[in-house]
Amino acid sequence: MDRVASSGLIPETFQGARDDMTEQLGLIWEQIRAPIIVPLLKFAVVICLAMSVMLFVERVYMAVVIVLVKLFGKRPEKKYKWEPIRDDIELGNSAYPMVLVQIPMYNEKEVYQLSIGAACGLSWPSDRIIIQVLDDSTDPTIKDLVMMECQRWASKGINIKYEVRDNRNGYKAGALKEGMKRNYVKDCDYVAIFDADFQPEPDYLWRSIPFLMHNPEVALVQARWKFVNADECLMTRMQEMSLDYHFTVEQEVGSSTYAFFGFNGTAGVWRIHALNEAGGWKDRTTVEDMDLAVRASLKGWKFVFIGDLSVKNELPSTFKAYRYQQHRWSCGPANLFRKMVMEIIRNKKVTAWKKFHVIYAFFFVRKIVAHIVTFTFYCFIIPLTVLVPEVTIPKWGAVYIPSIITLLNAVSTPRSLHLLVFWILFENVMSLHRTKGTIIGLLEAGRVNEWVVTEKLGDALKHKSGKQVKKSRSRIGERLHVLELATGVFLFFCASYDLAFGKNHFYIYLYLQAAAFFVMGFGYIGTFVPTS
């Protein structure tokens, strides 16, 4: 009997201690809820609603502009002087400007042949074009492969230069800057830049160079991207939806209204004089392309975007590669904004309206507000209001504005409209990393200058056996992402609380969003590449 009593003593004691702790936590929560939590949460809701309105106005403005451009606007060939380059019997090939084509690469084993082959296949007089391969590879085997590929094309009569350096200072910006120092570059008028996975069509230069030849005020001609692997997996389809909006709306609006937009770092042609006048390549941030574009714009140069000129390229299809890319794409612009905002304000060469556009619309709303409000409002503030029912969110802020913004984004990719719900959930998950990157960029914290080259797969997966894939997939520990899982747990808890005690039915959205965080947190997104 004593044994039975003593065995029941521990659970009863434990139960009592647990009840006491729960009561204490509940008491503390009630004491700080009304005087601290509620006012802070109400203030956060007001800030998030204000940011939502800013983003909404910007999206509606761009939608109106793009409709007007499509209905009444002039094509770039009509807005700017454009005429095909004609042969001159007397001048011969010297009638054609000298063009440098730069291909920066780093350990690009899977795609180096594609980019080099496409660049060497550009239609242009052979004595008026130089292909410059800037190889920063650290793998000696890959360097040998790239060098032999350049030699192979050189043996066919192509003017191709294989350039290496003994360090990776400045990463891509450092390689491009070093390439511009070569003596043969002094004879070039324009420079076209293609990343290692980009494959321009043969007529690329014929369609882009005339804008620069006949319009001395134009510094940059940018083509749009065409994705060769958009159908590889659901993650690449989601990326296609986001990037299609960027090109068909953001770049088109910038080109049509202010003759300014962010250079995409590839698939563009620069006037070398404009590039040098703007200060050349700088490696102070991880967005050297945007840095150059802003500086050139502040010098008064104009940019042209050609929406119907596309260059094939590859989307990152592994979640790891995509996370690194999005960190760079969100951290870099925020850090550049911090470094350049006063320089933009003090500039005397451009109008006050253009400065306002660059600071407010281009940087603040699109590169900072858009990232921060997406995560903080939809993945943190709204779930918290479930636990604090005294704080309410108006329906226009919680439903109508995000719905309209989503639809305006989605119309750029009509073929993926049926994936709209998946795209919303996917973008909200990625906003976690974009918000983190934005804050790091604004504060210049630890990873502000982190540069991880986006992994390209090419046809790599086709050469992996099914057995290898299965074996690699079983090591789930390699694919766990703690931030996503923690956020998923938080959302799941809020959803369950709302289902049990709430009245606003947020639990439907919260359960779906929690599931998206769990799926991506466990790594079940994108293509998983075997490690052996």
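Residues numbered from 1 in each chain as written. Predicted model: local features only at pLDDT ≥ 70, side-chain atom pairs only at ≥ 80, totals over all residues. Heavy atoms only, no water.

(A) Spatial organisation of the sheet that holds strand S6 (residues 268-271). If you trace the 7 strands from one edge of the open sheet to the other, you get S3-S2-S1-S4-S6-S5-S7, paired in mixed fashion. What marks the edges here is a single partner per strand, and that holds for strand S3 (160-163) and strand S7 (302-313). Strand-to-strand twist across the sheet, computed as the mean angle between neighbouring axes with direction ignored, equals 20°. Summarising the sheet, strand S5 (residues 218-227) and S6 pair through 3 bridges and their orientation is antiparallel. Across the sheet, the residue bridging to Val 221 is Val 269, located in S6. (Pairing = 2+ DSSP bridges. Helix = DSSP H or I, 4+ residues; strand = E, 2+ residues; numbered from the N terminus. Axes fitted to C-alpha atoms, helices over the stretch in contact; angles between N-to-C directions.)

(B) Layout of the packing of helix H3 (residues 112-120) against helix H4 (residues 140-154). Closest axis-to-axis distance for the H3/H4 pair is 10 Å, and the angle between their directions is 25°. Taken together, the axis directions place H3 and H4 in an arrangement best described as roughly parallel. By crossing handedness, the relation of H3 to H4 is classed as right-handed. Of H4, the residues touching H3 (which contributes Tyr 112, Gln 113, Ile 116, Gly 117 and Cys 120) are Leu 145, Val 146, Glu 149, Cys 150 and Trp 153. The residue makeup of the contact of H3 with H4, split by class, is 7 nonpolar, 2 polar and 1 charged. (Parallel < 35°, antiparallel > 145°, perpendicular 65-115°, else oblique. Left-handed = near helix turned anticlockwise from the far one by under 90°. Contact = heavy atoms within 4.5 Å. Nonpolar A, V, L, I, M, F, W, Y, C, P; charged D, E, K, R; others polar.)

(C) Local environment of unusual backbone geometry. Here Ala 267, not a glycine, exhibits a phi torsion of approximately 60°, which is positive. On the secondary structure map, Ala 267 appears in the loop between helix H7 (234-257) and S6.

(D) Focus on the confidence of the model for the protein. The predicted model of the protein averages 90 in pLDDT, with 92% of residues at 70 or higher. Contacts of residues 1-10 to residues separated by more than four positions or lying in other chains number 0 contacts, the stretch itself having pLDDT below 50. Segment residues 464-474: pLDDT under 50, and 11 contacts once partners within four positions in sequence are set aside and those in other chains are kept. (pLDDT = per-residue confidence, 0-100.)

(E) Quick peek at the pattern of salt bridges. Overall, the coordinates contain 23 salt bridges when judged by the stated rule. The shortest N-O distance in the salt bridge between Arg 165 and Asp 136 comes to 2.7 Å. Remark: Asp 136 occurs in the loop between strand S2 (129-135) and H4 and Arg 165 occurs in the loop between S3 and helix H5 (171-179); sequence separation between them is 29 residues. The pair formed by Arg 165 and Asp 136 is uniform in burial state, with each residue classed as buried. Put simply, Glu 484 and Arg 323 hold a salt bridge, and the shortest N to O gap is 3.8 Å. Placement of the pair is Glu 484 in helix H15 (residues 482-501) and Arg 323 in helix H10 (residues 319-346), with a sequence separation of 161 residues. Overlapping salt bridges bring together Arg 75, Glu 77, Arg 207 and Asp 308 as one network. (Salt bridge = Lys/Arg side-chain N within 4 Å of Asp/Glu carboxyl O. Buried < 20%, exposed > 50% of the residue type's maximum accessible area, 1.4 Å probe, protein only.)

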